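The chain contents come next:
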Amino acid sequence: MPPTPEQPHLNGAFYGPPIQPKTKSYYRPGRGGGGGPSCNPLTCCCSCICSCIFNLICQILITVGIFLAVVGVIFWFIFRPNVPKFHVADATLTRFTLSPTNNTLYYNLAVNMTFRNPNRRLGIYYDNIEANAIYHGQRFSSAEVQGFYLGHKKENNVSVAFKGEQLVVLGSGDKSKRFGEG
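Residues numbered from 1 in each chain as written. Predicted model: local features only at pLDDT ≥ 70, side-chain atom pairs only at ≥ 80, totals over all residues. Heavy atoms only, no water.

Participant: Can you help me understand unusual backbone geometry in this one?
Facilitator: When glycine is set aside, most residues are seen to have a negative phi, and most peptide bonds are trans. The residue N103 is not glycine, and still its phi comes out positive at about 55°. Secondary-structure assignment places N103 in the loop between β1 (85–98) and β2 (104–116). Accessibility expressed as a relative area gives 23% for N103, which makes it partly exposed. A positive phi is found at K153, a non-glycine position, where the angle reads about 55°. By the element assignment, K153 lies in the loop between β4 (138–150) and β5 (155–167). Given a relative accessible area of 48%, K153 falls into the partly exposed group. (Helix = DSSP H or I, 4+ residues; strand = E, 2+ residues; numbered from the N terminus. Buried < 20%, exposed > 50% of the residue type's maximum accessible area, 1.4 Å probe, protein only.)

Following this line, the structure appears as structure tokens:
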């Protein structure tokens, strides 16, 4: 190889011969070897069929999912479910005394409640309603209310009476704090 003439812009060190770009292209055979396409007609057909079936199943699942979402949104717009309303309209406490000797609470409480269904197209059936009377976090009575059906845009008034006596567990000093005695 003949020596390379010194180039004026270099500092005099030898950098080797210039790199020539490759102009030669070649065919690289696939896994099957040989010079042509490496696809076996049987395996090529099987993989094509499996791929088509997989794509078809995915498209069907996506279509069904979109369809169900659209149907759900349509039903929601038709029915527009609202939360039922409930409030205590009136409460009358005629007796609420604690026995000084044995921590027995005597009570007579009447409560009137109103249930309201604000939905225009949905009715609500209340199977079982349990009302609890609680004082300072301690339940002293409960009552069962018979179930009922509340039609759309309807109201129902329910009365519950708590009457009786209950042993109340009090700690030291609780009697004066809770019942104003002492």
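Now that the structure has been shown, we can carry on.
Participant: Just to check I follow, could you spell out the UniProt feature "transmembrane region" (unreviewed entry) in the chain for this structure?
Facilitator: According to UniProt, the feature "transmembrane region" (unreviewed entry) maps to residues 53–79 in the numbering used here. Counting secondary structure, residues 53–79 comes out at 100% helix and 0% strand; the distance between its end C-alpha atoms is 39 Å. (UniProt positions renumbered as here; feature names shortened; annotations may be inferred.)

Participant: Whenever I open this one, the packing of aromatic side chains confuses me. Can you help?
Facilitator: The way to describe two aromatic rings as a pair is by their centre distance and the angle between their planes. On inspection of all chains with the given rule, the structure shows eight aromatic pairs. When the centroid spacing of 5.1 Å and the interplanar angle of 70° are considered together, the rings of W76 and F77 count as edge-to-face. Using a relative accessible area of 48% as the deciding quantity, one classes F77 as partly exposed. Centroid distance F96 to Y135: 5.1 Å. Interplanar angle 65°. Geometry classified as edge-to-face. Linking F96 in strand β1 with Y135 in strand β3 (residues 124–135), this pair joins segments that are 39 residues apart in sequence. Three or more aromatic residues joined by ring pairs make a cluster, and in this case those are F86, F115, Y126 and F148. (Phe/Tyr/Trp six-rings, centres within 6.5 Å; stacked < 30°, edge-to-face > 60°.)

Participant: I'm lost on the pairing of β1 in this one. Help?
Facilitator: On a regular strand, each side chain points to the face opposite its neighbour's, so the side chains alternate between the two faces of the sheet. Where β1 lies against β2, twelve bridges are found, and the strand directions are antiparallel. Paired with R95 across the two strands is N108, which belongs to β2. In this antiparallel pair of consecutive strands, β1 and β2, the connection spans five residues, and N103 shows a positive phi of 55°. (Pairing = 2+ DSSP bridges.)

Participant: So what exactly am I meant to see when it comes to a nonpolar patch on the surface here?
Facilitator: Taken together, the side chains of I62, I66, V70, I74, F75, I78 and F79 make up a nonpolar region of the molecular surface, amounting to roughly 640 Å² of accessible area. The class of I62 is exposed, set by a relative accessible area of 54%. (Patch = residues over 30% accessible without salt bridge, like charges linked within 9 Å, V, L, I, M, F, W, Y side chains within 5 Å. Areas by Shrake-Rupley, 256 points an atom, 1.4 Å probe, with all protein chains shown as cover. Salt bridge = Lys/Arg side-chain N within 4 Å of Asp/Glu carboxyl O.)

Participant: Quick question: what am I supposed to make of the pattern of salt bridges here?
Facilitator: Two side chains of opposite charge can pair, provided their charged atoms sit close to one another. Applying the stated criterion across every chain, the model contains two salt bridges. Of the charged contacts in the structure, one is a salt bridge between R116 and E155, with a shortest N-O distance of 4.0 Å. With R116 in strand β2 and E155 in strand β5, this residue pair connects regions lying 39 residues apart in the sequence. The exposure class assigned to R116 is partly exposed, which follows from its relative accessible area of 32%. Two residues, R139 and E130, come together in a salt bridge whose shortest N-O distance is 3.8 Å. Judged by relative accessible area, R139 falls into the exposed class, the value being 51%.

Participant: Could you clarify how one ought to interpret the environment of F115 in this entry?
Facilitator: Take F115: it is sitting in strand β2. Take F115: its relative accessible area is 5%, and that puts it in the buried class. As for F115 and P84, which are separated by 31 residues in sequence, their C-alpha atoms are 7.4 Å apart. Excluding residues that lie within four positions of it along the chain, F115 makes contacts with K85, F86, Y126, I129, F148, L150, K154, E155, N156 and V158. (Contact = heavy atoms within 4.5 Å.)

Participant: Sorry, what's going on with the sheet that holds β1 here?
Facilitator: What links the strands of a sheet is backbone hydrogen bonding, and the strands pair in either a parallel or an antiparallel sense. One open sheet holds the three strands; their spatial order is β1-β2-β5, and the pairing between them is antiparallel. Either end of the sheet is taken by a strand with one partner, and the two such strands are β1 and β5. Across the sheet, the mean angle separating the axes of adjacent strands is 10° when strand polarity is ignored. (Axes fitted to C-alpha atoms, helices over the stretch in contact; angles between N-to-C directions.)

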